[in-house]
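Residue strings, one per chain:
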Amino acid sequence: MAIQCLILGAGQEVGKSCVVAMIGGKKIMFDCGMHMGFSDHRAFPDFSLLSSSNDISCVVITHFHLDHIGALPYFTEVCGYNGPIYMTYPTKALAPLMLEDYRKILVDRRGLEEQYTYENIIHCMNKVIPIDIKQTIQVDKDLLIRAYYAGHVLGAAMIYAQVGEEKMLYTGDYNMTPDRHLGAAQIDRLSLDLLITESTYATTVRDSKYLREREFLKAVHTCVAAGGKVLIPTFALGRAQELCILLDDYWERMNINVPIYFSAGLTIQANMYYKMLIGWTSQKIKDSYTVRNPFDFKHVCPFERSMINLPGPCVLFATPGMISGGFSLEVFKQWAPSDKNLIAIPGYCVAGTIGHKLMSGKPTRIDLDKDTRIDVRCQIHQLTFSPHTDSKGIMDLVEFLSPKHVILVHGEKPKMAALKQRIESELGIQCEYPANNETVLVPTTQSLKISASKTFVRNCTTELDGDERIAEGILVMEKGHNAKIVSEEEFLETIGAERNVVSFTGWVSPLAQ
Amino acid sequence: MSKYRDASYQLRLLCTVPPSRSLLTCSASPLSSLMEEEGSLVQPLTTTCNPNPLFQFDLTSLSSAQALLLNPSTSIDTIHSTVDSLLLSLPHLSTNATSLSLALSVLAQSAPRHPSLSQSIVSSVRSLINGQDRTSSAVLSALLSIATSCHNEDGSSILTSILDEDLVLSLASSGVYKIRSRILRLLVFVVGRWKCSGKFLTDEVMVRVFLRFTGDIYPILRRDAIDGLCEFLTVARDGVDFCVPECCLERAIGLIGDDDEFVRVAAVRMVGLCGEMLGEKENGVDKIGQMDTIFTQICSMARDMSVKVRIEAFNALGKVKLVSDAVLMQSLSKKILGSKNGGKSIIKLDKASKPCAAGAYIHGIEDEFYVVRKSACRSLGIHAVMSIKFADDSINYLMDLMNDDSESVRLEALDSLFRMTAQGCLNVQEKHMHMFLGLLTDMSSLVRHGARKILQLMKLPKLEIFKSTVNELIANLEKYPEEEEGIFFSLFSLGKNHREFSLNVAKDLAKQIKRTSKGDLTFAKPSMAATLVVCIASPLSENENVPDTPVVLFSYAVPLLGRISRALQGTFDQHFLLTFLLDHSNIKWKSQDLMPEIASKGISEDLMQSVIKFISKSVGDAWSLIKGSNGNDAEKFLRSCMKELEIISLNASQAAITTLDFFSKYIQILQLISKIQCKFDSRNSTTFHIKSHHILLEKLDSALRKIRYSFTGWTKEVECHILELSLLVDVFTFSLARIPSNEHLKNLLSKISHLEAISCLSDFTKEIKRLIEERSSVMVNLHSLLKVFECSGLEFVREMKPIKAELKVVGDDSENPLTFVPGLPAGIRLWITLHNTSSTDRLWLHMSVRGRRPQYVFLDLSNFEGSEEVRKCSSLIPFYKTPKIASFEIRVCIVIECLSEHYEVLKERDGPKYDVTELSVEKLVYFSSVKSR
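Since this is a predicted model, take the numbers as computed values, not measurements.

Calculation notes
- Residues numbered from 1 in each chain as written.
- Chains lettered and ligands numbered in written order.
- Predicted model: local features only at pLDDT ≥ 70, side-chain atom pairs only at ≥ 80, totals over all residues.
- Heavy atoms only, no water.
- Helix = DSSP H or I, 4+ residues; strand = E, 2+ residues; numbered from the N terminus.
- Buried < 20%, exposed > 50% of the residue type's maximum accessible area, 1.4 Å probe, protein only.
- Contact = heavy atoms within 4.5 Å.
- Areas by Shrake-Rupley, 256 points an atom, 1.4 Å probe, with all protein chains shown as cover.
- Salt bridge = Lys/Arg side-chain N within 4 Å of Asp/Glu carboxyl O.
- Buried area = accessible area lost by both parts, 1.4 Å probe.
- Polar contact = N/O pair within 3.5 Å; in protein donor to acceptor, adjacent residues only side chain to side chain.
- Nonpolar A, V, L, I, M, F, W, Y, C, P; charged D, E, K, R; others polar.
- Pairing = 2+ DSSP bridges.
- Axes fitted to C-alpha atoms, helices over the stretch in contact; angles between N-to-C directions.
- Patch = residues over 30% accessible without salt bridge, like charges linked within 9 Å, V, L, I, M, F, W, Y side chains within 5 Å.
- Lys, Arg positive; Asp, Glu negative; His and termini not counted.
- Charge placed at Lys NZ, Arg CZ, Asp CG, Glu CD.
- 1 Å grid on protein atoms, 1.4 Å probe; cavity = no way out; pocket = protein on both sides within 12 Å on 5 of 7 lines; lining within 4 Å.
- Points joined across faces, edges and corners; volume = space filled by probe spheres on them.
- Domains from an automatic or database assignment.
- Phe/Tyr/Trp six-rings, centres within 6.5 Å; stacked < 30°, edge-to-face > 60°.
- Core = buried A, V, L, I, M, F, W, Y, C linked by side-chain atoms within 4.5 Å.
- pLDDT = per-residue confidence, 0-100.

Peer 1: I'd love a proper account of the overall build of chain B, names of residues and values included.
Peer 2: The number of helices and strands found in chain B is 41 helices and 12 strands. A buried classification covers 51% of the 933 residues belonging to chain B. The long-range fraction of contacts in chain B, counting pairs at least 24 apart against all pairs at least 6 apart in sequence, stands at 71%. Looking at chain B as shown, the accessible area adds up to about 43300 Å², and 53% of this sits on carbon and sulfur atoms.

So, in structure tokens, the structure goes:
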């Protein structure tokens, strides 16, 4: 028997995660994402490779990022998939926000043709069956799936699937080190046949997060202490909450009275969800929740656009990240010319955005367009907070689970090759990193029920001595009969042969010693 | 009880009959009738008419026996008989395992209640131990519960008496889980008391049995076996052979990858323990290599998914000593360190156990659970003290932990840092200081304290860091002035440890002082005091830097003597400090100027007398200010007098306190007089409020009443003076009223005649008398009257006793109020203590609910016990007018009637006829209605 894996997306690349695994005759689709770098047919996985969209037993979505869920409405509403869709409660809550937000940007800003409509999203989300962490779902008679906590973002899960004796785990994106608002990935010891893991940071080993936190806090504190303003351009979900918890805690401990603002919109809506979904956050949040909801930030004040130019220090979280436009750009224009101010950029910035320009060397002026030129005198602080696990974390997880096979997805090819090398040499586990649209066959062990004859069992109990637990018998497999293990005598009886004993005698010369 | 006795008698009868017959007798014996009679009480045996007779307990009879044994009022005889009959019937029950195990559990339950029976129970169950599987497991569990209930040594000696090697081995290799689990638990129990009892197994056999159990298929047995081995190792610590911990270690390492969480926890603990023991023992093996292996093995568990395992892993890491630097450094780095750092041992380890030590501590301090972080932090601190190289690296992480969200982790990190500082292996760098100094303004006082403790020992590398540290400490002081002592001490230690830097700061300060003009108040700030402490630290402690330290600093430090010396308590005597500062300052002084008593002890009696004299003199001076219409000056003067009195009374004796109390009350009166005086002066101006005068006068009047009735044992002079003061009040009142009433006049005259009676007529009194006789207006002559008023007699204030009362409400506080039925009287139980009341005094209990008329209850002194000095009484006082609300509070206090004051007709219908003044502090009594409960 074997598990057959069709990599529809995220094979040797980051984007449009989608893996269809056939395990014990059941087809499961893990994630159904879109590629953010493309706007043509390449944005979606090639669903035509599936013989029929309805021979899939179920679709499981690990988390709400668009590269994991973006193609779902297309698959269900356009391709006509009708089966069950599973995702965790927070994912179900936050996914429509993300999908609709992206659809709007696509249609309103870039003027592109939409692949699915708002109604499609709503209709698709109505079909979703929410699941909880460690909840086991019997999809049908044979197939069961279970979600494990994955960290990464609110509601992210790793999905375990089992049909009979065949077991596999699809990790989605995960994080092995906890941050302030999310815990580390958590999993049981499962004897897996196959592990499909992400490998975004296949070769990076990240240092302690404390160092990054310390530098960030120091930069922000020094800036506001000197009366400057701090701009943190972030996306609405995840990093904003993480950094705000960090700042809010620090403000509290150090008795700082500088206001922290959130630019309105998605962030405030997201904060509301975070407040409700406390059960999916880190232990620290759960502990302090009994006293106070940590997402009710103490030092965050209501914000209005007119406050941008008020005198005095403040910290502002503004969307979108990377200063790619919108409100964060507007604020950047106002604040960049003062050397008192600070722009703290968390995470990765796509080339071409202002964020990228700021990170790749300190420019003194930025030409926005022909008429607008911004003098950049402010300080710039770069933060590398990433919700993905590093290579040490991947190795740790693989070692802990010790599966028989590993497939790497969601990473860059050369780095994946390096990681494959390590997994095979250090852990002795077979590893592959197929490209998109490739199929991998992973052999699985099959267990067979055999019966034992009474004589054999009796022999076992009498012959067993001390720690030695070895019993001798003969396995008989006949066509049309169940496999059976019998004792030597019985076997001789069945085949009607006699026992012959051949004995050898040897002499050992004392000189040989 | 008689019933029990009967039952016991019957049972004994039963026991004397041979068992085979007894059942026959049972059915027809009087016992059965007794059983019927007693119902559920005693029905131990029912019988079946069987050719092969058997004892058969049914559940009812067993539960009756159990009830008898557990009932605390069962007589000893009955218990003995019950137990005997149970024991006698045990052998006959061996075929019926259910009844037998029930009977055994009843016996086991009774053993802890009746220790004397344990031995007999144990010896009679011994024979059953080799029986059927169920029987022996029941016997073993009974034995276990008996043994655990015994006092320390008895338990294991009981077991020793019946167990032997063959038996233990045969039970331990049983195929039945229950038997194995129970014998294992028995062994774990015994091994904990190994030393204090005789041994039925040799150490070797014991270890072998445990080791074998570690391979059991049941995880719980594996865990128990490991616990047993740990117990064995800790108990036998030095006595065991070297190979035992090695053997245990090998097995434990095999088990740390177990599927069961609890087995892993136990295994990790054992690895740590073995590592600790092997580290202590001398043997020929390459110890560092061995320790490295153990350390690496435990490190591999730092990434376990179970929180418990991770906690245990970091605890265990702290136990393994003598680890090579290379492995330690690897545990701080997630990246695999190259051979240039690692040296040989890493390469060797790579082969053996993969680079699993990598970044173990990083993972630990980044863990999601604060307990794990705390444990990691602790063990990090332990290793940091032992290896300088490791300390240099780990300080980065410990400093980073200062930013942790959990306070207990921050405290643990501070503790580790402190130990490192104390061992001299803390090498601070500039980059750490921002985070570390931030702790000085942390929310938690424990964290601030911890940070200061470290600063006291820290060696700072640069002057800038030193200065910023001092500034942060000053910021701490400004934010939390209540921590002044601790902050000053830290500053002192800091100055002492950094002689050059503090000299630098001293010179800066001296320059600053020179620049500013005299009388500049910037130097009154706490930051000034703090900086001075830094500056004088090193000259003071080592007598160095003295010539270099600017003299002016010492003279500036003199006024801060009290604050500095309080911070340096235990290090320097205040007297020494003062002498030192004066010696080096430019203040001219003689050593006899100092009053050593003040410096060392409290205030002596003689000194107290002189202090009191001084105060009475000052109060006299205040009078002259009042008379000279220097209202504001007088008030300032009196206020400072008040403050000083407060300070002095902190150290005063009981007798002196009374006098000081008198003076403070007296000063209050003077303050009021001074105020009134001011008002009268401004009377001619347009802002004249007659109402405020009346309020002030009322206050003055009640203050005077208070002083008159709060003390007894007046000298004649003082009494005259107080009377004259009240005359003065009358004069004020008199002059205020446009047309003085006859009553006022009468009042005045009566007081004058009283003064005449005790024959002390001062000029003031005479003058008033003259004026009244002449019928001239007192008002016109107010000034001249005041001029003749003399403040005399205060020097005679001594040996007064306070009249006071203490009230205690029994069984009431705001959390648990007394109950009442609205509209009905409620009782309040009070403890009353009266001091120095005479039998002629009329005391009342004053009870009032806000917004209502008060209720007075007369206190009959004859109901009190004790002498005039102290009277005590406890009584239930009714409060009649309970309001019709859910809850309310009453203010209760004891008042004294001022009999010599003017009489007011029917002031209260059932209350005092004269004015009253309070003797006790007001107490609140809380009530809540019965319904609202």
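Peer 1: Let's hear about the pattern of salt bridges: which residues, and what values?
Peer 2: Inspection of the entire model under this criterion finds 52 salt bridges over all chains. One salt bridge in this structure joins R180 of chain A and E213 of chain A, with 3.0 Å as the shortest N-O distance. Separated by 33 residues along the polypeptide, R180 of chain A in the loop between β10 (166–170) and β11 (194–198) and E213 of chain A in helix α5 (residues 209–225) bring together distant segments of the chain. In this pair, the class of R180 of chain A matches that of E213 of chain A, namely buried. Here R310 of chain B and D367 of chain B are joined by a salt bridge, their closest N and O atoms 2.7 Å apart. Taken together, the residues span a long stretch of sequence, with R310 of chain B in helix α17 (residues 307–319) and D367 of chain B in the loop between α20 (360–365) and α21 (370–386) at a distance of 57 residues. You can call D367 of chain B buried: its relative accessible area is 8%. Within this structure, R180, E213, D249 and K284 of chain A together with R373, D404 and D405 of chain B form a network of salt bridges that share partners.

Peer 1: Please set out the interface of chain B and chain A residue by residue, giving values where relevant.
Peer 2: Across the contact, 40 residues belong to chain B and 41 residues belong to chain A. The junction of chain B with chain A conceals about 3600 Å² of combined surface from both sides, 51% of it contributed by carbon and sulfur atoms. In terms of surface lost to chain A, no three residues of chain B exceed M305, E366 and E368 of chain B, which account for 22% of the buried area on that side. Run the count over chain B and chain A and you get five salt bridges. As a salt-bridge pair, D405 of chain B and R180 of chain A come within 3.7 Å of each other at their nearest N and O atoms. Our count for the contact surface shared by chain B and chain A stands at 20 residue pairs in polar contact (both at pLDDT 80 or more). Those elements that provide at least two residues to the side of chain B that touches chain A are α20, α22 (388–400) and α24 (430–438) of chain B. Considered class by class, the residues forming the side of chain B that touches chain A number 12 nonpolar, eight polar and 20 charged.

Peer 1: Give a detailed account of the sheet that holds strand β24 (residues 474–476) of chain A, specifying residues and quantitative values.
Peer 2: Reading across the sheet, the three strands line up as β23-β25-β24 (chain A) and stay open at both edges, with mixed pairing between neighbours. Both edges of this open sheet fall to β23 (451–452) and β24 of chain A, since each of them pairs with a single strand only.

Peer 1: Break down the sheet that holds β11 of chain A for me, with residues and values.
Peer 2: All names here are of chain A. With respect to topology, seven strands assemble into an open sheet ordered β7-β8-β9-β10-β11-β20-β21, the strand pairing being mixed. The two strands at the open ends of the sheet, each matched to only one other strand, are β7 (136–138) and β21 (430–432). Averaged over all pairs of adjacent strands, the angle between their axes in this sheet comes to 20°, without regard to strand direction. Two elements, strand β9 (residues 157–163) and β10, share five bridges in a ladder whose sense is antiparallel. Across the sheet, residue Y160 finds its bridge partner in β10, namely L169. Docked against the sheet, helix α11 (residues 391–401) engages β10, β11 and β20 (405–409), running at close to 165° with respect to β11.

Peer 1: For a positive patch on the surface, give the residues involved together with the corresponding values.
Peer 2: Residues and elements named next belong to chain B. A cluster of like positive charges, contributed by K636, R639, K643, K675, K679 and K699, occupies part of the molecular surface. Looking at the positive patch, the elements that each hand over two or more residues are α35 (631–651) and α36 (654–681). Relative to the helices and strands, R639 is located in helix α35. On the accessibility criterion, R639 (48% relative accessible area) is partly exposed.

Peer 1: I'd like a rundown of empty space enclosed by the protein, residues and numbers included.
Peer 2: Applying the stated criterion across every chain yields a total of eight cavities of 30 Å³ or more. In this model, the largest cavity occupies a volume close to 180 Å³. For the largest cavity, the lining is made up of 16 residues, of which M176 and A184 of chain A together with R303, R310 and D367 of chain B are closest to its centre. A per-class count over the lining of the largest cavity returns seven nonpolar, three polar and six charged. Considering only enclosed or pocket space, the second largest cavity measures out at about 140 Å³ in volume. Considering the residues around the second largest cavity, the lining is formed by 16 residues, among which T177, P178, K209, R212 and S386 of chain A are closest to the centre. Every element with two or more residues in the lining of the second largest cavity is listed here: α5 and α6 (239–254) of chain A. In terms of residue count, α5 of chain A provides more of the lining of the second largest cavity than any other element does, three residues in total. Per-class residue counts for the lining of the second largest cavity are two nonpolar, three polar and 11 charged. Counting contributing residues per domain, the lining of the second largest cavity is built from domain 1 (2–205 + 387–441) and domain 2 (211–382) of chain A, each supplying no fewer than three.

Peer 1: Quick one: what's the story with the packing of aromatic side chains, residue by residue and with numbers?
Peer 2: All names here are of chain B. Counting across every chain of the model gives 28 aromatic pairs over all chains. With centroids separated by 6.0 Å and ring planes inclined at 50°, the aromatic side chains of Y361 and F390 adopt a geometry described as tilted. Of the two residues, Y361 is situated in helix α20 and F390 in helix α22; the sequence distance between them amounts to 29 residues. A single burial state applies to Y361 and to F390, both of which are buried. A ring pair is formed by F662 and Y666, whose centres lie 6.1 Å apart and whose planes are at 25°; its orientation type is stacked.

Peer 1: Explain the nonpolar core to me, and be specific about the residues and the numbers.
Peer 2: Side chains of nonpolar character tend, in soluble globular proteins, to be buried together. Formed by 184 residues in total, the largest nonpolar core has its most connected members in L143, L417, F436 and M458 of chain B. The greatest single-element share of this core, amounting to 11 residues, is contributed by helix α15 (residues 261–280) of chain B. F436 of chain B has contacts with M399, L414, L417, A451, I454, L455 and M458 of chain B, leaving out every residue within four places of it along the chain. Counting 135 residues, the second largest nonpolar core, distinct from the first, contains M87, I159, Y274 and F400 of chain A.

Peer 1: So what's going on with the side chain of S493 of chain B? Which residues, and what values?
Peer 2: Here S493 of chain B shows up in helix α27 (residues 484–497). S493 of chain B sits in the buried class, given a relative accessible area of 7%.

Peer 1: Provide a residue-level description of the confidence of the model for chain B, including the pertinent values.
Peer 2: Residues and elements named next belong to chain B. A residue-level look at chain B finds 82% of positions with pLDDT of 70 or above and a mean pLDDT of 78. Averaged pLDDT values over the elements of chain B bottom out at 35 in helix α2 (residues 19–28) and peak at 93 in α17. Contacts from residues 340–354, a stretch scored under 50 in pLDDT, to residues over four places away or in other chains number 21 contacts. Low pLDDT, under 50, characterises residues 595–601; the predicted model gives this stretch seven contacts beyond four residues in sequence or across chains. Both confidence scores are given for the complex: pTM 0.70, ipTM 0.84.

Peer 1: Please set out the pairing of strand β6 (residues 843–849) of chain B residue by residue, giving values where relevant.
Peer 2: The two faces of the sheet receive side chains in turn, since in a regular strand these alternate between them. Residue and element names in this part refer to chain B. The element β6 is extensively covered by neighbouring structure, given that seven of its seven residues are classed as buried. Every second residue of β6 is oriented toward a common face, with L843, L845, M847 and V849 on one face and W844, H846 and S848 on the other, all of them buried. By the bridge criterion, five bridges tie β6 to strand β7 (residues 855–859) in an arrangement that is antiparallel. Across the sheet, L845 pairs through a bridge with V857, a residue of β7.

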